[in-house]
Amino acid sequence: MQPRAGWERLERVAEARGATLRRALRGGLGAGFGALGRLVAGQPALLASAPALLAVLLGASFSRYRVEEDVRGLLAPKHSLARMEGKLVGSLFPINHSKHALYSDLQMPAHYGRVIVVARRGSLLETPNLDAVLELHRLISQMQVTVPAASGPGGFNYSFSHLCLPDDKNACLVDDIIRALEATRSARAANGSAPTLHYPITRLADGRRAYVGHQLGGVQTGEGEAVRSARALQLTYYLRARGGGPTEGAAARWEGAFGDRLRRFAARHPRLALYPVTSASLAGDFQLSSALARRPLLVGSALCSALAVLCCCMRDCVRAKPWLGLLALLSTALAGLTAAGILNLSGAAYNSTYLGIPFVMLGQGLSGSLEMLSSWRRTREDQHVKERVAGVFSEVMPRLSGSAALHLLTLGLAASPLTNLEALRLFCRAAALGVAVGYAYTLSFFGSCLVLSGYLETGYRHACFCRRVPKRERLDSEPAWYRCLMYTRYQDEAAPQQAAADEAAPARPGGDSDARPRDSHLLLGCVRRCYGDWITNTYVKPFVVLLYLVYVSFALMGFLQVSQGSDPSALVATDTATARNAAAQRRYFSSYSPVIGFYIYESAPYWNASVQRHLLDYAGGFRRISWLESYLAYLAERNQSSSGFSRRNFTLALRHDFLRQPQFAHFADDIIFSGGEEPDVAASRIFLAAKTAGGGDNRREMSALLSTLRRLSLTSRVRFLVFNPSFVYLDRYGAAVCSPPRRSLLAALFLLGVSSLAPLEPLAAAWLALTLLSVQFGVLGFMTLWGVELDGVSAACLIAALGHTADCSGPLLCGFVAGGGGRTRRVRLALERHGVPVLQALLCYGAALAPVGFVRSGLTRTLFRCLALTAGCSALHALAFLPALLTFLPPAKSRDGGDDAPRREVECVEMDGGGGRVVDQITTV
């Protein structure tokens, strides 16, 4: 028994020393922030004007404001195998070298115009619709744009023939379906039989086999895959990819004229629906979300301001602080302006994902400001303003600093180069800067405003009009409305009335000794008299536990269905060309996957029969345009076998015999021959298309197909790679999106664990860590049930949710752990002290966020739903789950017997030597 007793004694000693260290550190932090509060109270005018002046000066940097144009670089993972594969493909087979066949989903030039034509009734292959489509093609081919001259009047006219990609005959490249439709119309005009059009691979008049699965949509086929009808048609017009110069400007002007021409054509042909899109549409429609959200943000700011004023109002006109609510919002606005100025000066470009940053700053700024105001109302009124401010800073700023540190750690870690998604990294970088500036402005600007408001309160001046409020005997002769407007209680007349009210009022178990009826307002009165008793009631707590179990169940249901949102068109404004074109793509062109390039990037023994079977097996499950398959069929028709060929004979026959046939000449763009003495095929490509389930969204199937083909490339005898521009968004997208929130959550838990060793109580750190996990889990699950996919925007909201949860639940947990008495008394006291500012901040936050939900944009819809879920889950935990769970979970009841301990009344005498005032009070102990 002696070793066990010694071990317990050592544990008690270690615990006592840890508690002593924590008390010392908390005392040091409190003293340091108290000194900072005295410093702020000593220079309120300077510290209030300096942030405002700095914000105005940095706001002038908006002359350098620029908008991000590379949207694909924002929304696709920066470091991925698909990007390297795309560069390799571009070096081997540049798009300007493809003289015969271009696949619009395989390689994308710098500029292009694309249109989906849909027949509202019937088929596009019917004669009237077919004639209209060919007329549209003729109008686009003859369209001209004028580029003004650099100097002097006049300009240069550019037609499509000047800007288009040329083929080997120096004619503009057009889609194969146009050639097929022209052949059909010519046959009908000559009263001949029209050539049969097959789907998805058809044979053209010159004998070439062409893939038209991405050009014909809504197809119904008959025997032998012959096309019976087609509802949609997609045409793409490629422009030359040249950097800079007048041609670049002409191509941009041509894209604008392309949309205007199609709108006029659609007005003349109501039987057809047109869905145009250009290379600039994605960037413009992505940034359009900011313009659409401008008015809702202003409406939200007005609602938030009105609610902030109401939350700070009281019946007492002196102790009310309506202007402080507006000044708290002004502090956040000045911080946002300062952060934006710093970003502009650093050369950063704006993008629409930054719409969520004001809400991150608003949540952090309002929580700190309202917590300071709540602490101010608990200070003694007979103290000097400097001492009251020092008390507020010593009580609130350690918690606010810890919350800001958690914000900066989680956002800063996601803003590091480790983050692979550029939009997420830039959002977190700007948000971290905004939080840091907002924290500094809360200390300086709002702290100075609190000091000035304190001096007005000391002088008994009206909180709104700054006029000195007359005493009661002078107000008795005034009208009733004036007495109501100027209602207040002077300290010398309030003390006897307060003592009498305390003596007459029944003793309330677990009551807050700091609470004074003259300071209470509606929310505080409701929490003290109603909500605190209700949420800790024995019969209510089982229902709260049941509600939490329901919360976890639905969150788990959504967590198991999380899907990745790698489609960039899902983040654009709703009523835009990009969104309409993407919807038409999903509806009419989802039967087959986009064209996949199968690239053999090194010399291979194509003459070997086993290698041939190997390659044909890989392409066997696809619809394909393959030079190797056509070459082998060509040799078989001539009764030749490639198995008997040597490398030299195989290559010579391919180069000088097969490729010189007119129907096979286009395969010359798919083969690269080595330039040495010994002829050889250095690299080649095959075009593949996979049959899909036709559900309208092929991203999951494409991701699975990419993974399968890459695994095959690791074990194949032939070195190959597969590429499609959509692979840039799919490749490692899950890791790029999921890793930053996961790292931020682990960093937050690590910070809480480290802080529990010294400044923070271990119990508070443990409860806050569990709350972070619960809120993060709930937001992720419920946003999936609400139709939000996991993309860069929702991942940024998940990271911001960590700091928001700490802002809401941290003060309540710290107040609970630091309180005295039993669990129920601690919960009630923590709710009275910290629950009211949390509720006020959440109400203002919700008022600012609500109008954003009406913006018709995929990006703002994601932002609204994720931020609303963050606020809702944080409110549930801070105001319902934690108050109920803490009443019957650790820590154990206090040693003095908890709530049921006997109390006795002790008479205390408070003496004020300055005014000669003596007040008797009855205190329950």
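If you're wondering where the values come from, they're calculated on a predicted model, not measured in any experiment.

Caption draft 1: View of the overall build of the protein. A tally of helices and strands in the protein yields 30 helices and 15 strands. Across the 925 residues of the protein, 53% fall into the buried class. A fraction of 77% describes how many contacts in the protein between residues 6 or more apart in sequence connect residues 24 or more apart. Only carbon and sulfur atoms are counted for the fraction: they give 59% of the accessible area of the protein, which is about 41,400 Å².

Caption draft 2: Main features of the nonpolar core. Core analysis: the largest hydrophobic core is formed by 236 residues, its most contacted members being I177, L216, W254, F598, W627, Y631 and L654. The element best represented in this core is helix α14 (residues 422-458), accounting for 18 residues. For F598, the contacting residues outside a window of four places in its chain are L615, Y618, S684, R685, I686, L688, F720, L721 and V722. Among the nonpolar cores identified, the runner-up in size contains eight residues, and V318, Y460, Y482 and M486 belong to it.

Caption draft 3: Focus on the packing of aromatic side chains. What the rule picks out here adds up to 27 aromatic pairs. The ring of F673 has R655 sitting right over it, with the charged end atom 4.7 Å from the ring centre. The ring of F816 carries the charged tip of R826 above its face, separated from the ring centre by 5.8 Å.

Caption draft 4: Up close: the state of the cysteines. Counting across every chain of the model gives one disulfide. Sulfur-sulfur distance for the disulfide between C164 and C172 comes to 1.9 Å. Of note, the bridge from C164 to C172 carries an S-S torsion of about -75 degrees and is left-handed in sense. C428 takes part in no disulfide bond, and the closest cysteine sulfur to it belongs to C797, at a distance of 9.8 Å.

Caption draft 5: Structural detail: the side chain of S630. Within the fold, S630 resides in helix α22 (residues 627-637). Among residues more than four places away in sequence, those in contact with S630 are F658, F664 and F667.

Caption draft 6: Highlighting helix α19 (residues 541-559). Relative to the 27 Å expected for 19 residues at 1.5 Å per residue, α19 spans 27 Å between its end C-alpha atoms, a close match to the ideal helical length. What α19 keeps buried is the set K541, V544, Y551, A555 and G558. Projected down its long axis, α19 carries its buried residues within an arc of 100 degrees, all on one side. Among the structural elements, α18 (522-535), α27 (762-785) and α30 (858-885) are those in contact with the buried residues of α19.

The rules behind these values
Residues numbered from 1 in each chain as written. Predicted model: local features only at pLDDT ≥ 70, side-chain atom pairs only at ≥ 80, totals over all residues. Heavy atoms only, no water. Helix = DSSP H or I, 4+ residues; strand = E, 2+ residues; numbered from the N terminus. Buried < 20%, exposed > 50% of the residue type's maximum accessible area, 1.4 Å probe, protein only. Contact = heavy atoms within 4.5 Å. Areas by Shrake-Rupley, 256 points an atom, 1.4 Å probe, with all protein chains shown as cover. Core = buried A, V, L, I, M, F, W, Y, C linked by side-chain atoms within 4.5 Å. Phe/Tyr/Trp six-rings, centres within 6.5 Å; stacked < 30°, edge-to-face > 60°. Lys NZ or Arg CZ within 6 Å of the ring centre and 35° of its normal. Disulfide = S-S within 2.5 Å. Expected span 1.5 Å × (residues − 1). Arc of directions from axis to C-beta.

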